[in-house]
Amino acid sequence: IGTYRNAEGAIENIRLNHPLVGSSNSRPFLSPVVISEIMYHPPDVVVDDVSYDDTEGEFVELANWTTQPVNLNDATKPGTAWALAGGITFNFPANTTVPAGGTLVLVNFNPSKDTNQLKSFRTAYPLATNATLLGPFGGKLNNGGDDIRLIQNDLVNGKKRELIMDRVAFQS
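It should be emphasised that the depicted structure is a prediction, and the values quoted were computed from it without experimental measurement.

J.: Got a sec to walk through the sheet that holds strand β8 (residues 82-86)? Specific residues and values, please.
T.: Taken in spatial order, the five strands make up an open sheet running β13-β9-β8-β14-β15, and their pairing is antiparallel. Every other strand in the sheet has two partners, leaving β13 (138-139) and β15 (159-171) as the edge strands with one partner each. Across two bridges, the pairing between β8 and strand β9 (residues 88-91) is antiparallel. Looking at the pairing, alanine 83 lines up with asparagine 91 of β9.

Here it is as structure tokens:
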């Protein structure tokens, strides 16, 4: 952990690429999987002239920018699963892998069971045909702003800790 000046000029304590004791900090750690897109306030649904918040149109897209697949919940390594935390929550199922250069989209409905919503979603958001959709996530993205963290659980000497792999804080 070290201090780093972010794009807005604020100082943050962040995970570093390499710990250096007694010298200048190394570059920030770059996660192989990042939060690449957030749809937090899709157009309202109007029924009988009444507007409703379209929570089923919300999504968070994760992208693997590397040339290697990344397993977000390796069943052979208990206690090391990745998760989404903050305004919404999601625990990745066993052996969820983001392919090299690929994307994974977390939605607020169950895409394997709600085929009508899946069809509507894919029509509204033309995603790559190989994009994996998972859901539902827990909670709701706040239309005024939120804080979303992509975390990886880790076990050190039998103690669980959460490593922040990526974080996005947004405001409307």
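Alright, that's what it looks like, and here's the rest.
J.: Mind laying out a nonpolar patch on the surface, listing which residues take part and the relevant values?
T.: A contiguous nonpolar patch, built from Val45, Val47, Val50 and Tyr52 and spanning about 320 Å² of accessible area, is present on the exposed surface. When residues of the nonpolar patch are traced back to their parent elements, those giving at least two are β4 (45-47) and β5 (50-52). Structurally, valine 47 is set in strand β4. Judged by its relative accessible area of 41%, valine 47 falls in the partly exposed class.

What counts and how
- Residues numbered from 1 in each chain as written.
- Predicted model: local features only at pLDDT ≥ 70, side-chain atom pairs only at ≥ 80, totals over all residues.
- Heavy atoms only, no water.
- Pairing = 2+ DSSP bridges.
- Helix = DSSP H or I, 4+ residues; strand = E, 2+ residues; numbered from the N terminus.
- Patch = residues over 30% accessible without salt bridge, like charges linked within 9 Å, V, L, I, M, F, W, Y side chains within 5 Å.
- Areas by Shrake-Rupley, 256 points an atom, 1.4 Å probe, with all protein chains shown as cover.
- Salt bridge = Lys/Arg side-chain N within 4 Å of Asp/Glu carboxyl O.
- Buried < 20%, exposed > 50% of the residue type's maximum accessible area, 1.4 Å probe, protein only.

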